[in-house]
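Observations on the model geometry
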There are 4 protein chains.
Amino acid sequence: MPAMTPEELHKFLEEHFPQVAHFDLKVEHVDDTTIRVRLPSKEQHLRPGGTISGPTLVWLCDLGFYLLLLGRLGPVAQAVTTNLNINFMRRPEPADLIGEGRLMKLGRALAVGDFTIRSDGSDEPVAHATLTYSLPR
Amino acid sequence: MPAMTPEELHKFLEEHFPQVAHFDLKVEHVDDTTIRVRLPSKEQHLRPGGTISGPTLVWLCDLGFYLLLLGRLGPVAQAVTTNLNINFMRRPEPADLIGEGRLMKLGRALAVGDFTIRSDGSDEPVAHATLTYSLPR
Amino acid sequence: MPAMTPEELHKFLEEHFPQVAHFDLKVEHVDDTTIRVRLPSKEQHLRPGGTISGPTLVWLCDLGFYLLLLGRLGPVAQAVTTNLNINFMRRPEPADLIGEGRLMKLGRALAVGDFTIRSDGSDEPVAHATLTYSLPR
Amino acid sequence: MPAMTPEELHKFLEEHFPQVAHFDLKVEHVDDTTIRVRLPSKEQHLRPGGTISGPTLVWLCDLGFYLLLLGRLGPVAQAVTTNLNINFMRRPEPADLIGEGRLMKLGRALAVGDFTIRSDGSDEPVAHATLTYSLPR
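This write-up is about the structure you can find in this document. Sequence order sets the numbering: in each chain, residues are counted from 1 along the sequence as written. Here every chain gets a letter starting at A, and every ligand a number starting at 1, in the order they are written. Only residues with pLDDT of at least 70 get local features here, since the model is predicted, and only at 80 or more are side-chain atom pairs given and counted; chain-wide, interface and lining totals rely on the full set of residues.

1. Some thoughts on the overall build of chain A
Elements are defined by DSSP. Helices are runs of H or I of four residues or more, strands are runs of E of two residues or more, and each kind is numbered from the N terminus. On a plain count of helices and strands, chain A comes out with two helices and six strands. Order of helices (α) and strands (β) in chain A, N terminus to C terminus: α-β-β-α-β-β-β-β. The globule rule used for comparison is 2.2 Å times the number of residues to the exponent 0.38, while the radius of gyration itself is calculated over C-alpha atoms. Scaling as 2.2 N^0.38, a compact globule of 137 residues should have a C-alpha radius of gyration of about 14 Å, and chain A matches this with 14 Å. Dimensions of chain A, computed from C-alpha atoms along their principal axes, come out at roughly 45 × 30 × 25 Å. Residues are defined as contacting one another if the C-beta atoms placed from their backbone atoms lie within 7 Å. The contacts in chain A between residues at least 6 apart in sequence include a share of 64% that link residues at least 24 apart.

2. Considering the relation of the copies chain D and chain C
For this overlay, a least-squares fit was computed on C-alpha atoms, restricted to residues scoring pLDDT of at least 70 in both copies. Of the two same-sequence chains, chain D is brought onto chain C (RMSD 0.0 Å, axial shift 0.0 Å) by a rotation of 180°. Expressed as an axis order, the relation between the two copies is that of a two-fold axis. Taking C-alpha positions as the reference, the residue of chain D nearest the rotation axis is N85 of chain D, at 3.7 Å. Of the interface residues in chain D, 100% have counterparts in chain C that sit at the interface too, so the contact is made through matching surfaces.

3. Brief notes about the sheet that holds strand β4 (residues 97-106) of chain A
Each pair of strands is called paired provided DSSP finds at least two bridges between the two strands. In spatial order, the strands read β1(A)-β2(A)-β4(A)-β5(A)-β6(A)-β3(A)-β3(C)-β6(C)-β5(C)-β4(C)-β2(C)-β1(C); together these 12 strands make up an open sheet with antiparallel pairing. Here the strands that pair on one side only, and so sit at the sheet edges, are β1 (26-30) of chain A together with β1 (26-30) of chain C. Sheet twist, expressed as the mean angle between neighbouring strand axes with direction ignored, is 20°. Here strand β5 (residues 110-119) of chain C runs beside strand β6 (residues 125-134) of chain C; their pairing, made up of nine bridges, is antiparallel. Looking at β6 of chain C, one finds that L110 of chain C is bridged to S134 of chain C. Here, axes are lines fitted to C-alpha atoms. For helices the fit covers the stretch in contact, and angles between N-to-C directions go from 0 to 180 degrees.

4. Regarding helix α2 (residues 54-73) of chain C
Working rule for helices: expected span equals 1.5 Å times residues minus one. Taking 1.5 Å of rise per residue, 20 residues should cover 28 Å, and α2 of chain C covers 29 Å from first to last C-alpha, within 8% of that figure. The first or second residue beyond α2 of chain C is G74 of chain C, which carries a positive phi of 95°.

5. Structural notes on the relation of the copies chain D and chain A
Taken as rigid bodies, chain D and chain A are interconverted by a rotation of 180° and an axial shift of 0.0 Å, the fit giving an RMSD of 0.0 Å. Here 100% of the interface residues in chain D have copies in chain A that are interface residues too; the copies meet face to matching face.

6. Thoughts on the interface of chain D and chain A
Listed as interface residues are six residues of chain D and, on the opposing side, six residues of chain A. A total of three residues in the side of chain D that touches chain A trace back to one element, the largest contributor, which is strand β3 (residues 80-88) of chain D.

7. Considering the packing of helix α2 (residues 54-73) of chain A against α2 of chain C
Packed helices, taken two at a time, are described by the angle between their axes plus the distance between the axes. Between α2 of chain A and α2 of chain C, the least distance of the axes is 9 Å, while the angle of their chain directions is 150°. Compared by their axis directions, α2 of chain A and α2 of chain C come out roughly antiparallel. Viewed along their axes, α2 of chain A and α2 of chain C form a crossing whose handedness is right-handed. Across the interface between the two elements, G54, P55, V58, W59 and D62 of chain A from α2 of chain A touch G54, P55, V58, W59 and D62 of chain C from α2 of chain C. Of the residues belonging to the contact of α2 of chain A with α2 of chain C, the class tally is six nonpolar, two polar and two charged. Convention used here: angles under 35 degrees read as roughly parallel, angles over 145 as roughly antiparallel, angles from 65 to 115 as roughly perpendicular, and any remaining angle as oblique. When the near helix sits turned anticlockwise from the far one by under a right angle, the crossing is termed left-handed; a clockwise turn instead gives a right-handed crossing. Lys, Arg, Asp and Glu make up the charged group, whereas Ala, Val, Leu, Ile, Met, Phe, Trp, Tyr, Cys and Pro make up the nonpolar group; the residues left over, Gly among them, are polar.

8. Quick word on the interface of chain D and chain C
With 11 residues of chain D at the interface, the matching set in chain C holds 11 residues. Those elements that place two or more of their residues in the side of chain D that touches chain C are β3, β4 (97-106) and β6 (125-134) of chain D. A total of four residues in the side of chain D that touches chain C trace back to one element, the largest contributor, which is β6 of chain D. Taken together, the residues that form the side of chain D that touches chain C break down as four nonpolar, five polar and two charged.

9. Points about the pairing of strand β2 (residues 34-39) of chain B
All names here are of chain B. Because side chains alternate across β2, one face comprises the buried residues I35, V37 and L39, and the other comprises T34, R36 and R38, none of which is buried. Where strand β1 (residues 26-30) meets β2, four bridges bridge the pair, whose relative direction is antiparallel. Counted as the bridge partner of V30 is I35 from β2. Turn length for the β1-β2 hairpin, with the two strands adjacent in sequence and antiparallel, is three residues. By the bridge criterion, six bridges tie β2 to strand β4 (residues 97-106) in an arrangement that is antiparallel. Bridge pairing links R38 to I98 in β4. Comment: burial labels come from other C-beta atoms within 10 Å of the residue's own C-beta, placed from the backbone, where a count of 20 or more is buried, 12 or fewer is exposed, and between is partly exposed.

Written out as structure tokens, the structure reads:
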């Protein structure tokens, strides 16, 4: 059983990341090693050309994986990203973004996993990231 | 249906990579977007300390993903690795290594995917790589 | 001689990226294979904890390397990021950020380079990224 | 002053990595944050096509950066690679390979740096890797 439920993760986000509250990110599922989040399609993420920017996709991977770690470790965790590798593969469609994270290693010092972003209704990845977080002692 | 069967991939390896024939790599499954290979536990991969070396794991990810591309595109493909990112997570156990590849994008110029290595009988990844191959015109 | 001067790059940014104009990013130097940019220390990049966020550092690496490509190829280039790998190494100090990019390969299909961020007055990297851009035909 | 000289690093390699002794890797320079090594052009690294294989380049980056860490920390260090990201950029020419490493962060738990490989006599990188090593307590 994860240490935090989706509702507790939403509340944590509101309290600690008020600047992203308007993005309305939803945790749809979380367990010990996986998470699924939904980012509603909204204007403010869009580039002039009408597509979601690379930095927004990076932000979603990083935040989504952080929520997976919080769900596993609880709200006290002060984890920081040390490495992020991302491949951008397709332009997102004008739909919600679905992000799915997977925890591959939870060691004493490091957590490693990956995070895949798809457009809702499509199986083809928009972006895929692998992430390493340094964990507090 | 993939362009090449496991048997055809084995034959391709013998002909084009005779130097790895003694590793006895087996393709257990291949379809349009996934592959599973088995590397028997053998002495010659081992470091003095008794564990499989990082470069051997890199080689397995690179070769396994290349076989997935061959299975999809057929034996004419002259694909070369342009980027490889690997996280080493655990020491492998003294067992066969199971490698599973996934093709996430097959564009005109680039193919992108990932490859996960586990010890046979374990669910926990030993190493995980993402790879980009440049495809011939 | 680069195809675009710092002044032309500033003008290009204002026209094509009006949303980042208020960040006041300055191109201090550009030549065929290197660039140096300065991001003034400003409140709006800061996290609640007072430090610059990971996504802001990613954005700076990505934009700075893009400006290096523009400087080399001219304003017609429609290049897109395909891979970004970043290591976060230190918290930035409350100073301007200095970003230095280096073009390592300019092929027909791909450009590869790296980008290092330091706090002004310090030699120690805050973050280091390697990037691959896909180039238009 | 580094903890180990090039001569001590050569001796360490002979004792602890006898399997690579025949590669005749030379440490040409080492200081607290940089290293330069030379790998003589020899037949046994070559692929059938006459070029040096990707795994050989990975091995050289990994070993060269490890020697840089040893030079800094001394022979007791039991460091292991946790992340390696490599871009392959050009075919090496039939010449010695020159590898140059740079230590960007030496923390208590992690060391981060990069490693660039060129053909002797050329300025253009054959491959560039960033590496993270986990350090023993």
